[in-house]
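So the chains spell out like this:
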Amino acid sequence: MSSLIPVATLGTPRIGLKRELKFALESYWSGKSDQLTLLQTAKDLRAVNWARQKARGVDIIPSNDFSFYDQVLDTSLMVGAIPAIYGEAADLDTYFAMARGAQKGHVETCEHGHVHATGQGVLAQEMTKWFDTNYHYMVPEFNEDQTFKLTSLKAVEEFLEAKALGYHTRPVLVGPVTYLKLGKGVANPLLLIDRLIPVYVEVLKKLSDAGADWVQIDEPVLVLDGDSETTAALQKAYAVFAKEVPQISILLASYFGGLGDNLDTAVNLPVAGLHVDLVRAPEQLEIVLAKAPKDLLLSLGVIDGRNIWRANLPAVLERLKGIDGRGNLQIAPSCSLLHVPIDLNLETALDADVKSWLAFSLQKMDELSVLSKALSGADVAAELTASADAASARAASPKVHDAAVKARLSAVTPDQAQRKNAFAIRADLQRQAFNLPAFPTTTIGSFPQTSEVRKARSDHAKGAIDDAHYDAFLKTETERAIRWQEEIGLDVLVHGEFERNDMVQYFGEQLSGFAFTKHAWVQSYGSRCVRPPVLFGDVSRPKPMTVAWWQYAQSLTDKPVKGMLTGPVTILNWSFVRDDQPRAESCRQIALAIRDEVSDLENAGTKMIQIDEAALREGLPLRRADWQVYLDWAVEAFRLCSTGVSNDTQIHTHMCYSEFNDIMDAVAEMDADVISIETSRSKMELLDVFKSKKYPNEIGPGVYDIHSPRVPEVSEMTELMSLARQRLDDVQLWINPDCGLKTRKWEEVKPALVNMVAAAKSLREAVKV
Ligand SMILES: Nc1nc2c(c(=O)[nH]1)N[C@@H](CNc1ccc(C(=O)N[C@@H](CCC(=O)N[C@@H](CCC(=O)N[C@@H](CCC(=O)O)C(=O)O)C(=O)O)C(=O)O)cc1)CN2
Ligand SMILES: [Zn+2]
């Protein structure tokens, strides 16, 4: 056995054990606390984070993995890619304006008690999914005359901050090629590489001056299908770094998959180290070992940074046999630990068996320590046995396997995934039945989750208020939402989702086969976090989950109220899922459970049922060769849950952030009667593909960017609708926001939706349909 192999992490969760950063940010944004308080909270969190890693035996600790909002936005500030509308200053408020938009005017209440927004604001930058995760980054925006200059020294400052505390860290940067490839605004952002390289050189030099010897540069584009331009950009950038800053050793990090066709490029770049993901792509170890020059440090990503299962350490060691005698190695999680919760030990209420099968970020560091010791020949027999025992207990547990679920699944027939008639026939029946105006208005489902709503839920969970009180509270909220929607003249109503903590967690809590956590928060974007349910066993639905809420809401009004469900693909993609069976299998199990709910809603009288598939696109594999298999089972799962209804029951679906070009055929095959999508920040560009593919069903392109606190004006929404009308037929179009309104405040939502209804009315007026 070799000498001690160092343990590294590539990045860690930054939100804080108790989400301290979230609360500090939100308090700052709402003007309740000042910038110094926010900066201090952030500094304290970084210190705790470094100390925790040190205590867990991490030898190579990162810095600059912290971010106030997003590491890609940090990079935009670092290189001065700040679009002119945000002004010149690369300060924190500019940063937050880019992240969240800013209302330059103000919101007023008039003498009738109505809320009016005045003044133009600046829009936030576009936000989209980071590779195939539920983490969102801010899309860099470039222009043809784009220049770059060093405008933020955050990386250097955080290195020095760690140094002052006694940690010699390895700073992390988003790589220049990945950064450019994620950007937009010019036809080919990679052409900007020559202008960008000098800024990185400057940063590397400054890091070196500050005392850094290694820098981790993340280039996850290495796991995407390779192309010659990307290869050339990588070769150019890293050659310059090697020449200009030879004193810095670069660890080039690939993650979220195998290097595949980029392998030769990666192992031959003039860098000192290469990180490879051996969880998503264990098979690449052999070839990487064979092809990597002996003096290239290899960082082996052997512990899953994307899921929460405890590793089977003896099995991991078995897979690492090939490294014997190589030297120049490190072991690490497969990717940054940003995507897993922090500490399993906080989960005191979790089923003891399930808990014994899990590892969060800190436990994963422990696992790496044990592996490192085992690899150096130290005696960790007890730890290894415990790990293997947990793995076999999980595999054999009756909590995981349900024969009835497996039997039902194998009895599914193709007609169960097929509507009774084609869309054209259904659409006629539905138009007769609903008699909606042209350009019907609706919302996506949720209304503001106010602090009162959250407090009531938290009080209920603590036992401070009983079931009856909580129920009555939610009913009052729901009734108020229904009344208000009627008052402002929306056509199709929603109950508001006040009873839901999160659209996935809520269902996870009611389905068998899922466990849920109390503190296992993972950052989704900015200050927003989720607690993904843990899918550990075969899934079934013990009883109806949403019917009573729909019934109550519909009892209050004559307008149609949509039934509101989350679809199987989204539940799957936003949960921590089983690694002991294919994802497709888990997805079909969830689909059957949702199918039961759809059927119960229909039997209760629901005529419109929305099944959200917000995460369908993000589940698309990173390699094109794997797309079709995924899309086939994803579409089948959606159809399996949604097609058991009669012709005049209208199935809606909703997708936000979806980049539709790649998945358009699949979206059409889902055959939802109405789809609402996110389009406002991209100025309806998304609709081009709906037009070119002649998408036949109905569509609600979002006209209100719900991720920004700003209130859109009527004219902005009518302009967006006229862009939509250039691409689609009037009969196809609905009017709605981009997504649910749970993250907004009522004082933002109210004027925005009033404006939206006014926009619909003026459109009907103008078009006279
Ligand atoms: N899973 C998921 N992924 C998604 C989305 C989504 O809605 N769900 N939407 C897209 C955008 N991502 C989003 C992610 C999170 C949130 C969001 O609003 N998150 C909330 C938490 C939601 C939640 O689980 N709320 C719980 C817990 C609330 C809470 O913090 N309770 C306090 C106590 C509150 C009190 O006493 O006042 C506590 O537990 O400490 C509830 O309402 O019950 C937040 O970060 O603030 C929105 C969008 C893409 N991915
Ligand atoms: Zn959405």
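Per an unreviewed UniProt entry, the recorded name for the protein is 5-methyltetrahydropteroyltriglutamate--homocysteine methyltransferase, and the organism is Asticcacaulis machinosus. Quoted verbatim from the Function (unreviewed entry) field of UniProt, the annotation for the protein is "Catalyzes the transfer of a methyl group from 5-methyltetrahydrofolate to homocysteine resulting in methionine formation." A UniProt comment under Pathway (unreviewed entry) is attached to the protein, and it reads "Amino-acid biosynthesis; L-methionine biosynthesis via de novo pathway; L-methionine from L-homocysteine (MetE route): step 1/1."

Caption draft 1: Just the UniProt feature "active site" (unreviewed entry) in the protein, in detail. Mapped onto this numbering, the UniProt entry gives "active site" (unreviewed entry) at His 707. According to the relative accessible area criterion, His 707 is buried, its value standing at 10%.

Caption draft 2: Representation of the site of ligand 1 within the structure. The local shell around ligand 1 holds 25 residues, among which Lys 22, Asn 134, Arg 457, Asp 502 and Lys 742 are the closest. Between Arg 457 and ligand 1, the recorded distance is 2.5 Å, taken from a side-chain N or O atom to an oxygen atom. With respect to ligand 1, the side chain of Arg 528 contributes an N or O atom lying 3.1 Å from an oxygen atom. Coverage of ligand 1 by the protein amounts to 84% of the 980 Å² it exposes when considered alone. At 4 residues, helix α17 (residues 451–462) tops the list of elements feeding residues into the shell around ligand 1. Across the shell around ligand 1, the residue classes break down as 6 nonpolar, 9 polar and 10 charged.

Caption draft 3: Expanded view of the sheet that holds strand β8 (residues 249–253). With parallel pairing, the 7 strands of this open sheet are ordered in space as β1-β6-β7-β8-β9-β10-β11. Sheet topology places β1 (62–63) and β11 (329–333) at the edges, where each strand pairs with a single neighbour. Where strand β9 (residues 273–277) meets strand β10 (residues 297–303), 5 bridges bridge the pair, whose relative direction is parallel. Note on β10: the bridge partner recorded for Leu 274 is Leu 298.

Caption draft 4: Spatial organisation of the packing of aromatic side chains. A full pass over the atoms with the stated rule returns 23 aromatic pairs. The interplanar angle of 85° and the centroid separation of 6.3 Å between the aromatic rings of Phe 447 and Trp 484 together place this pair among those described as edge-to-face. Of this pair, Phe 447 sits in the loop between α16 (423–434) and α17 while Trp 484 sits in helix α18 (residues 467–488), and the two are 37 residues apart along the sequence. The residues Phe 447 and Trp 484 share a single accessibility class, namely buried. These aromatic residues form a ring-pair network of at least three members: Tyr 28, Trp 29, Phe 66, Phe 68, Tyr 69, Tyr 95 and Phe 96. In this structure, Arg 19 packs its charged tip against the face of Trp 521, placed 3.6 Å from the ring centre. The ring of Phe 256 has Arg 306 sitting right over it, with the charged end atom 4.9 Å from the ring centre.

Caption draft 5: The nonpolar core, seen in detail. Core analysis: the biggest nonpolar cluster contains 119 residues, and Tyr 179, Tyr 238, Phe 241, Leu 300 and Val 302 have the highest contact counts within it. Of the residues forming this core, the biggest block, 10 residues, is contributed by helix α7 (residues 193–210). Those residues in contact with Tyr 238 that sit more than four places away from it in its chain are Gly 175, Pro 176, Ile 217, Glu 219, Ile 250, Leu 252, Leu 269, Pro 270 and Val 271. One finds Tyr 506, Leu 572, Val 577 and Ala 760 within the second-largest nonpolar core, a separate group that totals 107 residues.

Caption draft 6: Spatial organisation of the coordination of the zinc ion (ligand 2). On the protein side, the zinc ion (ligand 2) has His 654 (NE2), Cys 656 (SG) and Cys 739 (SG) as donor atoms, found 2.0 to 2.3 Å from it. In the primary sequence, the donor residues of the zinc ion (ligand 2) line up as H-x1-C-x82-C. Per residue, the accessibility class of His 654 equals that of Cys 656, and both read buried.

Basis of the calculations
- Residues numbered from 1 in each chain as written.
- Chains lettered and ligands numbered in written order.
- Predicted model: local features only at pLDDT ≥ 70, side-chain atom pairs only at ≥ 80, totals over all residues.
- Heavy atoms only, no water.
- UniProt positions renumbered as here; feature names shortened; annotations may be inferred.
- Buried < 20%, exposed > 50% of the residue type's maximum accessible area, 1.4 Å probe, protein only.
- Near = heavy atom within 4 Å.
- Polar contact = N/O pair within 3.5 Å; in protein donor to acceptor, adjacent residues only side chain to side chain.
- Areas by Shrake-Rupley, 256 points an atom, 1.4 Å probe, with all protein chains shown as cover.
- Helix = DSSP H or I, 4+ residues; strand = E, 2+ residues; numbered from the N terminus.
- Nonpolar A, V, L, I, M, F, W, Y, C, P; charged D, E, K, R; others polar.
- Pairing = 2+ DSSP bridges.
- Phe/Tyr/Trp six-rings, centres within 6.5 Å; stacked < 30°, edge-to-face > 60°.
- Lys NZ or Arg CZ within 6 Å of the ring centre and 35° of its normal.
- Core = buried A, V, L, I, M, F, W, Y, C linked by side-chain atoms within 4.5 Å.
- Contact = heavy atoms within 4.5 Å.
- Donors = N, O, S within 2.8 Å, 3.2 Å for Na, K, Ca; no water.

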